[in-house]
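# Fold and geometry: a report
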Amino acid sequence: MGVIIVRKRMTMRERDDISLREGFEKFISDRNLFGVTERTIKDYKNNYRYFTEYLDESTMCSEISEDTYNGYIEHINTEKPHLSKISINTYLTNVRAILYFLMDKGYIKSFPCKLIKAPKPIKKTYTLEEMETLFVEPDKNACTFCDYRNWALICYFIATGNRANTVVNIKIKDVDFRNNEVVLTEVKNKKQDIAPMSPALKKSCKNFWK
């Protein structure tokens, strides 16, 4: 009885074999279903396009293996020798998300999609003197609107540490001067959050809107 069941499943999987293109369409539909941002979807599509420069998208998923993935790494190293290891891992991260999805669905036999070892560069931070310069409020009568707006943004970023995509989606109605807080509607984990306003941040925000 057990042997018969296994044979039936194998026959069914053979019938269900799909192309890489079909698999990617299923992957994108799944990401959209779970509310992935448009920017992330765009990244997936761009990296899929790079991947299909190496592997034809008509390739059946059952033919994709660890050798295929490792061959893609070699392809990137050959075709894009100017890329750093960190940049190469950016290419690989999105591609392996696609491959892992197809593995989970049973279209590709499971194998590890490892990233290459890349050194983590030490990020240069601002000196105390540079920070003091950044916080100097421009003269509204002598600077452009863009100069003053940039100063206000710098004050906000330093005070909150919010991501750029979060900040560009903040509306005036989200800023509550009475309770000294900013409602964040666009955050990475898809959950609304609140950023407290310090007295200094509150002052710079009010000055910007005057």
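Refer to the structure above for everything that follows.
Residues numbered from 1 in each chain as written. Predicted model: local features only at pLDDT ≥ 70, side-chain atom pairs only at ≥ 80, totals over all residues. Heavy atoms only, no water.

### Let's talk about the packing of aromatic side chains
Centre-to-centre distance and the angle between the planes together describe a pair of aromatic rings. Under the definition given, this model contains 10 aromatic pairs. Here the aromatic rings of phenylalanine 51 and tyrosine 54 are separated by 6.3 Å at their centres, their planes lie at 45°, and the arrangement is tilted. Separated by 3 residues within a single helix, phenylalanine 51 and tyrosine 54 lie in helix 3 (residues 38-54), roughly one turn from each other. A relative accessible area of 3% places phenylalanine 51 in the buried class. A connected cluster of aromatic rings, assembled from ring pairs, spans Phe24, Phe27, Tyr44, Tyr48 and Phe101. Here lysine 80 stacks its cationic end above the ring of tyrosine 50, 5.3 Å away from the centre of that ring. Seen from the ring of tyrosine 148, lysine 140 lies directly overhead, with NZ or CZ sitting 4.9 Å from the centre. (Phe/Tyr/Trp six-rings, centres within 6.5 Å; stacked < 30°, edge-to-face > 60°. Helix = DSSP H or I, 4+ residues; strand = E, 2+ residues; numbered from the N terminus. Buried < 20%, exposed > 50% of the residue type's maximum accessible area, 1.4 Å probe, protein only. Lys NZ or Arg CZ within 6 Å of the ring centre and 35° of its normal.)

### Topic: a nonpolar patch on the surface
Taken together, the side chains of Phe135, Leu153, Phe157 and Ile158 define a hydrophobic patch exposed on the protein surface, amounting to about 300 Å² of accessible area. Looking at where phenylalanine 135 falls in the secondary structure, it is placed in the loop between helix 6 (128-134) and helix 7 (145-160). Exposure remark for phenylalanine 135: the relative accessible area of 38% places this residue in the partly exposed category. (Patch = residues over 30% accessible without salt bridge, like charges linked within 9 Å, V, L, I, M, F, W, Y side chains within 5 Å. Areas by Shrake-Rupley, 256 points an atom, 1.4 Å probe, with all protein chains shown as cover. Salt bridge = Lys/Arg side-chain N within 4 Å of Asp/Glu carboxyl O.)

### Regarding the sheet that holds strand 3 (residues 193-196)
Strand order in the open sheet formed by 3 strands is 1-2-3, and the pairing between neighbours is antiparallel. Edge positions in the open sheet fall to strand 1 (175-176) and strand 3, since each of these has one partner strand only. Strand direction decides the pairing type here: strand 2 (residues 181-184) and strand 3, joined by 4 bridges, are antiparallel. Its bridge partner lying in strand 3, valine 182 is registered against alanine 195. (Pairing = 2+ DSSP bridges.)

Purely spatial values, then, with no claim about function.
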